[in-house]
Amino acid sequence: MGATETLTLNMGPQHPSTHGVLRLVLDLDGETVVRCVPHIGYLHTGMEKSMENEPWQQAITITDRMDYLSAMNNNLAFCLAAEKLLDLKVPPRADAIRVLMGELQRTASHLLWLGTHAVDIGAMSVFFYCFREREAILNFFEETAGARMTPSYIRIGGVAMDLPNEVEEKIARFIPIFRDRIDEYWALLDENPIWRDRTIGVAPMNAEDCIRHAVTGPVLRAAGVQYDIRKVNPYCGYEQYDFEMAIGENGDVFDRYRVRMEEMRQSMRILEQVLERMPDGEYAADDPKIVLPPKERVFSDMEALIHHFILVTRGFPVPPGEAYASIESPKGELGYYLVADGSEKPYRARVRPPSFYNLQSLPHMVTGNMVADVVAAIGSIDIVLGEIDR
Amino acid sequence: MADEAQTTAPAASPPAVSPIKSELDRIRAAHAGAITDVEEQPSRGMFWIAVRPQSIVSVARLLRDDPALDYKMLTDLTCVDRPETEKRFNVTYNFYSLSRNRRLFLRVRAAEGEPVPSLAGVFASADWAEREVYDLFGVVFEGHPDLRRIELPDDWDGHPLRKDYPIVGKRPVILYNNVKEII
């Protein structure tokens, strides 16, 4: 045997399987990865800095653009942290709408993940089916919030506006259809020998390594760790809904796929219960110093007009303090660490992006594996470069 | 324990025993003098312990390895810049214990140019997080295995998340104009 030489392969930033602009520098010995160095930052636009220069309520628009596949969850995490600073209570209807939107968004995000992940591994048709259902969910968002990708619908104090007519009925009709559709994806993939060959035992990561790397979300649960913030630290009244935490065993790509499939099913269960028990009442807190007054009152009531003017032009002050709130986003633990100094703008807004920490564990997952498995591994951790780079 | 009572935020019914008493007792027993101050907001579930920079590694290791504390996850690591204070960089560590469902924040205050010991050898998650704080704030982490910029290009000038860094750029951005090698 002569001396072997390693080959350095540059993968990305423009590579279809890197889900955005991620660059990996791989050192290969034959087809085995001996070193993997991810390079990020191509989408860095200083969003945290921008948030420090926006009034609290308007900083929500920036959160939309971080994890642009689950904008509602980003809105929600920011609002929960800001409400912690304000000690603001949200009415039950607003909480229920937040859960409704959050679970729809989780399903939409998982659908996009499933479609692109399947394309990466070579199953083209799943992609089209998944986008068909995601389209239906984005239509609900369009109807409710007026935007599909960047709704900025969840606001500090509640939500931007009440649910429009009939959208609840439409979602209720969508749930049984979607349940059948999940079974269809299941039939396409679960027993598919190519799919199983490409995923079972690939890029495994055990529970201890996941925790060491602060990996959260479906990747952590696929390794068998019972950590779902909706269960362990419920927010928005998740404790009143009956659902199960999806758990895997082996922590490989296949288990991550199974966990996300099960999460979509559980999301449907939650949606059903939310719709069943949707409380009446206000959709935002009754605090005119924070929540925008309804438009019809702005046109008829002097006081409401003044509040509207002040809130839009200047915003509201938030008492000094620091607060951290985290939610279970589709990718994992999404946390906001907000610092207020008593002014109308955040002094510091730190996002704890789940994808950042999940991606950090990629070299650990792929070193020693085949180069083709790198693509499967990237797909299975479900990264969004928008929130990694911010 | 006297200084702890002073820093506790006044609440309607202050708890007789601090919820993080076991943490404080164990840190004090193992590393006397490590803690500089404590802040508690039990109603929000927020607890901060400020420690001296030279103690952060041993305190973090204690939090992780002591079975009674069991903070196995360093969820996040970030920094808050307060340029008006002498030690302007508040490096904030966000620890989480899965078994006890408890969150704890450690804080290290460092002046400009003052190095902070790296936690990358204790928690793998600190690696990129410290690189990000180095990149955006310019805090140097001593003992970090690979302290490079992570978000910005390697030849970037300044640290944008510092409060004295302007929001409007000083020069047009030309990225990767002088690339000699890929690593």
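Before reading further, recall that the structure is shown in the block above.
Report follows, based on the coordinates. (Residues numbered from 1 in each chain as written. Chains lettered and ligands numbered in written order. Predicted model: local features only at pLDDT ≥ 70, side-chain atom pairs only at ≥ 80, totals over all residues. Heavy atoms only, no water.)

1. With respect to the overall build of chain A
Scanning chain A from terminus to terminus reveals 17 helices and eight strands. Taking 390 residues into account, the globule formula puts the C-alpha radius of gyration at 21 Å, and chain A, at 22 Å, falls close to it. A principal-axis box enclosing the C-alpha atoms of chain A has dimensions of 85 × 45 × 35 Å. Per-residue burial over chain A gives 62% buried out of 390 residues. Excluding contacts between residues fewer than 6 apart, the proportion of contacts in chain A whose partners are at least 24 apart in sequence is 70%. Accessible surface for chain A amounts to roughly 14500 Å². Of this, 53% is attributable to carbon and sulfur atoms. (Helix = DSSP H or I, 4+ residues; strand = E, 2+ residues; numbered from the N terminus. Rg over C-alpha atoms; globule rule 2.2 N^0.38 Å. Buried < 20%, exposed > 50% of the residue type's maximum accessible area, 1.4 Å probe, protein only. Contact = heavy atoms within 4.5 Å. Areas by Shrake-Rupley, 256 points an atom, 1.4 Å probe, with all protein chains shown as cover.)

2. Focus: the pairing of strand E2 (residues 46-51) of chain B
All names here are of chain B. Most of E2 is tucked away: six of the six residues are buried. Both faces of E2 are covered, namely the face carrying Met46, Trp48 and Ala50 and the face carrying Phe47, Ile49 and Val51. Taking the residues that link successive antiparallel strands as the turn, the strand E1 (residues 35-41)-E2 hairpin has four residues, and the phi of Gly45 there is positive, at about 70°. Bridge analysis of E2 against strand E5 (residues 102-110) gives four bridges, and the strand direction is parallel. Residue pairing for E5: Ile49 is matched across the bridge by Leu106. (Pairing = 2+ DSSP bridges.)

3. Topic: the packing of helix H4 (residues 92-121) of chain A against helix H6 (residues 167-189) of chain A
Residues and elements named next belong to chain A. At a minimum axis separation of 13 Å, H4 and H6 run at an interaxial angle of 30°. Judged on the interaxial angle alone, H6 and H4 are roughly parallel. By crossing handedness, the relation of H4 to H6 is classed as left-handed. Of H6, the residues touching H4 (which contributes Arg93, Leu100, Leu104, Thr107, Leu111 and Leu114) are Glu168, Ile171, Phe178, Tyr185 and Leu189. Tallied by class, residues from the contact of H4 with H6 come to eight nonpolar, one polar and two charged. (Axes fitted to C-alpha atoms, helices over the stretch in contact; angles between N-to-C directions. Parallel < 35°, antiparallel > 145°, perpendicular 65-115°, else oblique. Left-handed = near helix turned anticlockwise from the far one by under 90°. Nonpolar A, V, L, I, M, F, W, Y, C, P; charged D, E, K, R; others polar.)

4. Here we look at the pairing of strand E6 (residues 321-329) of chain A
Residues and elements named next belong to chain A. The buried fraction of E6 amounts to nine of the nine residues, a majority that puts the element mostly inside the structure. By the alternation rule, side chains of E6 split into Gly321, Ala323, Ala325, Ile327 and Ser329 and Glu322, Tyr324, Ser326 and Glu328, which are all buried. By the bridge criterion, nine bridges tie E6 to strand E7 (residues 332-340) in an arrangement that is antiparallel. Counted as the bridge partner of Glu322 is Val339 from E7.

5. Quick word on the interface of chain B and chain A
At the interface, 48 residues of chain B touch 48 residues of chain A. For the chain B face of the interface with chain A, the top three residues by lost area are Arg44(B), Trp128(B) and Glu151(B), together amounting to 19%. Remark: the boundary between chain B and chain A carries nine salt bridges. Notably, a salt bridge pairs Glu322(A) with Arg107(B), separated by 2.7 Å at the nearest N-O pair. Secondary structure elements with two or more residues in the side of chain B that touches chain A: E2, strand E3 (73-81), strand E4 (89-97), E5 and helix H4 (126-137) of chain B. Of all the elements, E3(B) adds the most residues to the side of chain B that touches chain A, at nine residues. For the side of chain B that touches chain A, the per-class residue count stands at 27 nonpolar, seven polar and 14 charged. (Buried area = accessible area lost by both parts, 1.4 Å probe. Salt bridge = Lys/Arg side-chain N within 4 Å of Asp/Glu carboxyl O.)

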